[in-house]
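So the chains spell out like this:
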Amino acid sequence: MKRSVLSAALGLALAAGLATLPVTAATAAPAAPAVPAVQGYTPSTHAAPAAETADNQAFFRAVMASAKARQAANPWLLSVTVTYDTANAPSFTSQISQAAQIWNGSVSGVRLQETGGNGDFSYYEGSDSRGSYASTDGHGHGYVFLDYQQNQQYSSLRVVAHETGHVLGLPDDYAGPCSELMSGGGPGPSCTNPYPDGNERSQVDYLWANGLAARN
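In this report, we go over the structure that sits alongside the text. Model, not experiment: these values are computed from the prediction.

Brief notes about the overall build of the protein
And step 1. Each helix and strand counted, the protein has six helices and seven strands in total.
And step 2. Listed N to C, the secondary structure of the protein is β-α-β-α-β-α-β-β-β-β-α-α-α in terms of helices and strands.
And step 3. Looking at the protein residue by residue over its 216 residues, the buried ones come to 51%.
And step 4. Accessible area for the protein stands at about 9,100 Å²; split by element, carbon and sulfur atoms hold 54% of it.

So, the state of the cysteines
And step 1. For the coordinates displayed, the defined rule picks out one disulfide.
And step 2. Between the sulfur of cysteine 178 and that of cysteine 191 lies a disulfide, 2.1 Å long from S to S. The disulfide joining cysteine 178 to cysteine 191 has a torsion of about 90 degrees about its S-S bond and is therefore right-handed. Linking cysteine 178 in the loop between helix H5 (156–167) and helix H6 (198–207) with cysteine 191 in the loop between H5 and H6, this pair joins segments that are 13 residues apart in sequence.
And step 3. Judged by relative accessible area, which is 3%, cysteine 191 ranks as buried.

Observations concerning the environment of histidine 166
And step 1. Looking at the secondary structure, you find histidine 166 in helix H5.
And step 2. Overall, the relative accessible area of 0% leaves histidine 166 in the buried class.
And step 3. Taking the C-alpha atoms as reference points, histidine 166 and methionine 182, separated by 16 residues in sequence, lie 8.4 Å from one another.
And step 4. Looking at histidine 166, its side chain comes within polar contact range of the side chain of histidine 162, at 3.2 Å.

What about the packing of helix H3 (residues 93–106) against H5?
And step 1. Two elements in contact, H3 and H5, have axes whose closest approach is 9 Å; the angle formed by their N-to-C orientations is 55 degrees. The pairing of H3 with H5 is recorded here as oblique in orientation. Between H3 and H5 lies a crossing whose hand is right-handed. For the pair formed by H3 and H5, the contact residues are Gln95, Ile96, Gln98, Ala99, Ile102 and Trp103 on the first element and Ser156, Leu157, Val160, Ala161, Thr164 and Gly165 on the second.
And step 2. Its residues assigned to classes, the contact of H3 with H5 shows seven nonpolar, five polar and no charged.

A short note on H3
And step 1. Under the 1.5 Å per step criterion, the end-to-end length of H3 is 20 Å for 14 residues, consistent within 8% with the ideal 20 Å.
And step 2. If you check which residues of H3 are buried, you get Gln95, Ile96, Gln98, Ala99, Ala100, Ile102, Trp103, Asn104 and Ser106.

Points about the pairing of strand E5 (residues 121–126)
And step 1. Among the six residues in E5, six count as buried, and that is most of the element.
And step 2. Residues Phe121, Tyr123 and Glu125 point to one face of E5 and Ser122, Tyr124 and Gly126 to the other, with burial holding for every one of them.
And step 3. Direction of pairing for strand E3 (residues 80–88) relative to E5: parallel, over a ladder of three bridges. Each residue of the ladder has a partner; that of aspartate 85, found in E5, is serine 122.
And step 4. In this structure, E5 lies alongside strand E7 (residues 142–147), joined through six bridges in parallel fashion. Bridge pairing in E7 places serine 122 opposite tyrosine 143.

Notes on the nonpolar core
And step 1. By size, the foremost hydrophobic cluster in this structure holds 38 residues, and its most contacted members are Trp103, Phe121, Tyr123 and Trp208.
And step 2. Contributing elements (two or more residues each) for this core: helix H2 (49–71), E3, H3, strand E4 (110–114), E5, E7, H5 and H6.

Rules behind the numbers
Residues numbered from 1 in each chain as written. Predicted model: local features only at pLDDT ≥ 70, side-chain atom pairs only at ≥ 80, totals over all residues. Heavy atoms only, no water. Helix = DSSP H or I, 4+ residues; strand = E, 2+ residues; numbered from the N terminus. Buried < 20%, exposed > 50% of the residue type's maximum accessible area, 1.4 Å probe, protein only. Areas by Shrake-Rupley, 256 points an atom, 1.4 Å probe, with all protein chains shown as cover. Disulfide = S-S within 2.5 Å. Polar contact = N/O pair within 3.5 Å; in protein donor to acceptor, adjacent residues only side chain to side chain. Axes fitted to C-alpha atoms, helices over the stretch in contact; angles between N-to-C directions. Parallel < 35°, antiparallel > 145°, perpendicular 65-115°, else oblique. Left-handed = near helix turned anticlockwise from the far one by under 90°. Contact = heavy atoms within 4.5 Å. Nonpolar A, V, L, I, M, F, W, Y, C, P; charged D, E, K, R; others polar. Expected span 1.5 Å × (residues − 1). Pairing = 2+ DSSP bridges. Core = buried A, V, L, I, M, F, W, Y, C linked by side-chain atoms within 4.5 Å.

Have a look at this one:
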């Protein structure tokens, strides 16, 4: 999980979730910005930690700005709805839906909702040597890229939930334990936990507190 100028059941078996994955990408992800802005699932040498953190915040701000523009018509709402689209990630619709349910059941300040059109961010699938990651296109829109091979090596639901965590403003913490969702691939392939821990839930609620009242 690595690219970002900025989310249920545990019973989903990896084999069942990925049995129909195509051999090649159905749709290519948007063109990457000139300077890669990646926030990925496993440690990478493509970007320094400080740069990754800045990129993650940029992605988060882009998503929040998009949600804020829509929220303006309903300023009294206590939670923000962040929309996403899955048209370019057909092999992962089940995992994406479950990841959204996990986040919606874990936090109160923001809600993830699928849309049939263009969402505040998009999911893409394909093959990339960097694995799965969250990224910004540099134009106020971001996307989550899901790599086929990595989603076979690691728990696919955890990968998707982790990358969605970047959309909600959380950075990577590869040194963390398996109980910490944003530790990503740090604990190894045996870690299948797709749920954010208490601290991660609190961070997201703080970032999205009272809809958008805490942000400017």
